[in-house]
Amino acid sequence: MTQDELKQQVGRAAANYVLSNVAHGAVLGVGTGSTVNFFIDEVAAFKDRFRGAVSSSNASTARLRAHGFEVLELNDIETLPVYVDGADEIDAAGHMIKGGGGALTREKIVAMVAQTFVCIVDESKRVDLLGAFPLPVEVIPMASAAIARRFVDLDGQPTLRVAKDGSTFVTDNGNWVLDVHGLRIPDPVGLEAEVNNWPGVVTVGLFARRGANISLLGTKEGVHRIDY
Ligand SMILES: O=C(CO)[C@H](O)[C@H](O)COP(=O)(O)O
């Protein structure tokens, strides 16, 4: 199976999960990325079962709307039963690196409100130690060099993310992203707390304090569900 086929398989499994576990008329929390795109495409056939969705990015909002989903403002929602999102890495405790698509800040906000975080990944994302994937950090532009120096002090190699056209990548919130290579992260909860405290950091792409509750892992042998 190709990686895309594994992603499609978990997208379908996540659609089945929400159809079985989320009450009629509820609002869905929807993440960002190619795996989530498969989820959106699969769940769209059942959109009338839901009041709508809260989205974590402009890209997911556009895809949801193209399918006729109502996209609601998080400020108008009190509870979200489930948030479905992908990850760049996930460890045995459900801690994740996220932000490969640059949507980490809104993803973390929507995840904070949700009761259950369902992480959908193909098996290549499952790791014993976080950090082989460069850690995305959304920063206020004027702080980027100062924050980069702090990561160098931690033996990381930060690079400023560049868009496909060669310009500096800008998030949906108007900020920049540092991708920090070469980190080994044995204490993701501690590093998340530390980096969160640095002035100019908007969001660090460690989702550890609020990790996944469930992962649906796409493998050649089928989808494995892991509860944390
Ligand atoms: O965090 C994310 C976007 O900010 C994505 O969930 C993560 O990058 C995984 O993406 P994909 O499903 O395309 O592999």
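Keep in mind it's a predicted model, so treat the numbers as computed, not measured.

A count of helices and strands for the protein gives six helices and 13 strands. Each of the three principal axes of the protein carries a C-alpha extent, and together these read 50 × 35 × 35 Å. Within the protein, counting contacts between residues at least 6 apart in sequence, those at least 24 apart form 74% of the total. Summed over all atoms, the accessible surface of the protein reaches about 10400 Å², with 49% contributed by carbon and sulfur. Here the protein carries 21 positive and 28 negative side-chain charges, and the mean point of each set is 2 Å from the other.

Attention shifts here to the nonpolar core. Ranked by internal contacts, the top residues of the largest apolar core, which has 27 residues, are Val18, Leu28, Phe39 and Ile120. Mapped by element, the contributors of at least two residues to this core are helix 1 (3-21), strand 1 (27-30), helix 2 (34-43), strand 3 (80-85), strand 6 (114-122) and strand 12 (214-219). Beyond its immediate sequence surroundings of up to four residues, Leu28 is in contact with Val18, Val22, Phe39, Val43, Phe50, Gly52, Ala53, Val54, Phe69, Leu80 and Val82. One finds Ile147, Leu183, Ile185 and Val201 within the second-largest nonpolar core, a separate group that totals 20 residues.

Here we take up the sheet that holds strand 11 (residues 206-207). To summarise the sheet geometry, strands pair through backbone hydrogen bonds and adopt either a parallel or an antiparallel arrangement. Pairing is antiparallel across the open sheet formed by three strands, whose spatial order is 4-5-11. Every other strand in the sheet has two partners, leaving strand 4 (89-90) and strand 11 as the edge strands with one partner each. Examined bridge by bridge, strand 4 and strand 5 (residues 96-97) share two bridges and lie antiparallel to one another. Directly across from Ile90, in strand 5, lies its bridge partner Met96.

With that settled, consider the packing of aromatic side chains. To describe a pair of aromatic rings, you give the distance between the ring centres and the angle between the ring planes. Counted according to the given criterion, the structure contains two aromatic pairs. Taken together, a centroid distance of 5.1 Å and an interplanar angle of 90 degrees make the contact between Tyr83 and Phe117 edge-to-face. With a gap of 34 residues between them, Tyr83 in strand 3 and Phe117 in strand 6 connect regions that are remote in the sequence. Take Tyr83: its relative accessible area is 0%, and that puts it in the buried class. Here Phe117 falls in the buried class, since its relative accessible area comes to 0%.

Within the structure, the ligand sits among 17 residues, and Ser34, Thr35, Asp88, Gly99 and Lys125 are positioned closest to it. Between the ligand and the protein, one listed contact pairs an oxygen atom with a side-chain N or O atom of Lys7 at 3.2 Å. A distance of 2.9 Å separates an oxygen atom of the ligand from a polar atom in the side chain of Lys98. Contact with the protein chains hides 91% of the accessible area of the ligand, taken as 380 Å² for the molecule alone. Taken together, the residues of the shell around the ligand sort by class into two nonpolar, nine polar and six charged.

Attention now goes to the UniProt feature "active site" (unreviewed entry) in the protein. Those residues carrying the UniProt feature "active site" (unreviewed entry) are Glu107 in this numbering. Inspection of the secondary structure puts Glu107 in helix 4 (residues 104-113). Setting aside chain neighbours within four positions, we find Glu107 in contact with Thr32, Ser56, Tyr83, Asp85, Lys98, Gly99 and Phe207.

Moving on to empty space enclosed by the protein. Taken as a whole, this structure holds one cavity of 30 Å³ or more when the rule is applied. Each pocket or cavity is described by its volume, and for the largest cavity that value is around 30 Å³. Lining the largest cavity, in full, are Ser56, Ser57, Gly102, Ala103, Arg106, Thr171, Asp172 and Asn173. In terms of domain composition, the lining of the largest cavity takes at least three residues from each of domain 1 (3-127 + 209-227) and domain 2 (135-202).

Each value, and the rule that gives it
Residues numbered from 1 in each chain as written. Predicted model: local features only at pLDDT ≥ 70, side-chain atom pairs only at ≥ 80, totals over all residues. Heavy atoms only, no water. Helix = DSSP H or I, 4+ residues; strand = E, 2+ residues; numbered from the N terminus. Contact = heavy atoms within 4.5 Å. Areas by Shrake-Rupley, 256 points an atom, 1.4 Å probe, with all protein chains shown as cover. Lys, Arg positive; Asp, Glu negative; His and termini not counted. Charge placed at Lys NZ, Arg CZ, Asp CG, Glu CD. Core = buried A, V, L, I, M, F, W, Y, C linked by side-chain atoms within 4.5 Å. Buried < 20%, exposed > 50% of the residue type's maximum accessible area, 1.4 Å probe, protein only. Pairing = 2+ DSSP bridges. Phe/Tyr/Trp six-rings, centres within 6.5 Å; stacked < 30°, edge-to-face > 60°. Near = heavy atom within 4 Å. Polar contact = N/O pair within 3.5 Å; in protein donor to acceptor, adjacent residues only side chain to side chain. Nonpolar A, V, L, I, M, F, W, Y, C, P; charged D, E, K, R; others polar. UniProt positions renumbered as here; feature names shortened; annotations may be inferred. 1 Å grid on protein atoms, 1.4 Å probe; cavity = no way out; pocket = protein on both sides within 12 Å on 5 of 7 lines; lining within 4 Å. Points joined across faces, edges and corners; volume = space filled by probe spheres on them. Domains from an automatic or database assignment.

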